[in-house]
Amino acid sequence: MKFLGLHYSQAMPSLGKPMRRLICLKECWPLARSRAGLVEKGLQYFESMITEHGIIFIPDHYTCIIDLLCQAGRLEEARNFINKMPCHPEVVGWATLLSSCRVHGDMEIGKWVADSLIELEPQNPASYVLLSSLYAAKGKWNEVAQLRRGMRDNRVKKEPGYSWIKYKGKVHVFSADDLSSPFLGQIYAGVEKT
């Protein structure tokens, strides 16, 4: 049987028996994601690879299914999938679902995912930032403020983003709170004109 270009009956030459563990399927998922009809097929193949062929998946494979469901906007199914997994998702799986919750505006699942991510990596600012963005999009400013206070209290620091601009053959680098430019007055004067 063929799975998006892979044959499950592929034999491992050195062992002379069917492959029991796939190393990586990530290359297959963009194809499945790009065609809505293949989401169901991908889920069916994933299940049959476990039940019919005894393939043992690693966490990366489960992350691929989470991503597949998230790309299709099936966030509740992704949550149910996570709850049934034989292992806990890795940070990438959680972050994929949280990012999709922000895109689709799903506050309930987003909060559940963010809590799980914060428990897994309490010093990683990404989960705080994504959840804050989700709250802000819903106009929940008290929650945004509470989340930021929590970051401050837990000493979670988000590194500032930087911007680069090339002007008259020279590259200028700056961040949002950067006051070090010798052209600061001109920059703000130019911004005020627009």
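Quick caveat, the model's predicted, so the values are computed rather than measured.

(A) Region of the structure containing the overall build of the protein. Across its full length, the protein holds 9 helices and 6 strands. Expressed as a percentage of the 194 residues in the protein, the buried residues total 31%. Intrachain contacts of the protein at a sequence separation of at least 6 include 55% that bridge at least 24 residues. Counting only carbon and sulfur atoms, one obtains 55% of the accessible surface of the protein, whose full area is about 12,700 Å².

(B) Spatial organisation of helix H5 (residues 91–104). Between its first and last C-alpha atoms H5 spans 20 Å; for 14 residues at 1.5 Å apiece the expected length is 20 Å, and the two agree. The set of residues buried in H5 consists of Gly93, Trp94, Thr96, Leu97, Leu98, Ser100 and Cys101. Buried residues in H5 make contact with helix H3 (59–71), helix H4 (75–84), helix H6 (107–120) and helix H7 (125–137). Phi turns positive one or two residues past the end of H5, at glycine 105, with a value near 70°.

(C) How the structure looks around the environment of leucine 120. Position of leucine 120 relative to the elements: it lies in helix H6. We classify leucine 120 as partly exposed; its relative accessible area is 44%. Expressed as a C-alpha distance, the spacing of leucine 120 and glutamate 90, which sit 30 residues apart in the sequence, is 8.8 Å.

(D) Here's a closer look at the pairing of strand S5 (residues 162–167). Burial of S5 is sparse: only 0 of the 6 residues sit out of reach of the surface. Note: S5 against strand S6 (residues 170–175), 6 bridges, orientation antiparallel. Directly across from serine 163, in S6, lies its bridge partner phenylalanine 174.

(E) Region of interest: the pattern of salt bridges. Tallying each qualifying case throughout the model produces 5 salt bridges. For arginine 74, the salt bridge goes to glutamate 77, with nearest N and O atoms at 2.7 Å. On the basis of relative accessible area, glutamate 77 is assigned to the partly exposed category, the value being 36%. Between glutamate 108 and arginine 79 there is a salt bridge, with the nearest N and O atoms lying 3.1 Å from each other. Of the two residues, glutamate 108 is situated in helix H6 and arginine 79 in helix H4; the sequence distance between them amounts to 29 residues. Glutamate 108 sits in the exposed class, given a relative accessible area of 56%. Taking relative accessible area as the criterion, arginine 79 reaches 14% and is therefore assigned buried.

(F) Up close: H6. The terminal C-alpha atoms of H6, which comprises 14 residues, lie 20 Å apart, in line with the 20 Å expected from a rise of 1.5 Å per residue. What H6 keeps buried is the set Met107, Ile109, Gly110, Val113, Ala114, Leu117 and Ile118. Buried residues of H6, viewed axially, fall in a sector of 160°; they line one side. With respect to the buried face of H6, the exposed residues turned more than 90 degrees away are Glu108 and Glu119. As for H6, its buried residues are in contact with H4, H5 and H7. Capping of H6 at its N-terminal end is provided by aspartate 106; its side-chain oxygen lies 3.3 Å from the backbone amide nitrogen of glutamate 108.

(G) The arrangement of the packing of H3 against H5 in detail. Direction vectors running N to C along H3 and H5 enclose 5°, while the axes themselves pass 9 Å from each other. By the angle class used here, H3 and H5 are roughly parallel. Residues Thr63, Ile66, Asp67 and Cys70 of H3 form the contact with H5, whose own contacting residues are Val92, Gly93, Thr96, Leu97, Ser100 and His104. Its residues placed into classes, the contact of H3 with H5 shows 4 nonpolar, 5 polar and 1 charged.

Cut-offs and rules
Residues numbered from 1 in each chain as written. Predicted model: local features only at pLDDT ≥ 70, side-chain atom pairs only at ≥ 80, totals over all residues. Heavy atoms only, no water. Helix = DSSP H or I, 4+ residues; strand = E, 2+ residues; numbered from the N terminus. Buried < 20%, exposed > 50% of the residue type's maximum accessible area, 1.4 Å probe, protein only. Contact = heavy atoms within 4.5 Å. Areas by Shrake-Rupley, 256 points an atom, 1.4 Å probe, with all protein chains shown as cover. Expected span 1.5 Å × (residues − 1). Pairing = 2+ DSSP bridges. Salt bridge = Lys/Arg side-chain N within 4 Å of Asp/Glu carboxyl O. Arc of directions from axis to C-beta. Polar contact = N/O pair within 3.5 Å; in protein donor to acceptor, adjacent residues only side chain to side chain. Axes fitted to C-alpha atoms, helices over the stretch in contact; angles between N-to-C directions. Parallel < 35°, antiparallel > 145°, perpendicular 65-115°, else oblique. Nonpolar A, V, L, I, M, F, W, Y, C, P; charged D, E, K, R; others polar.

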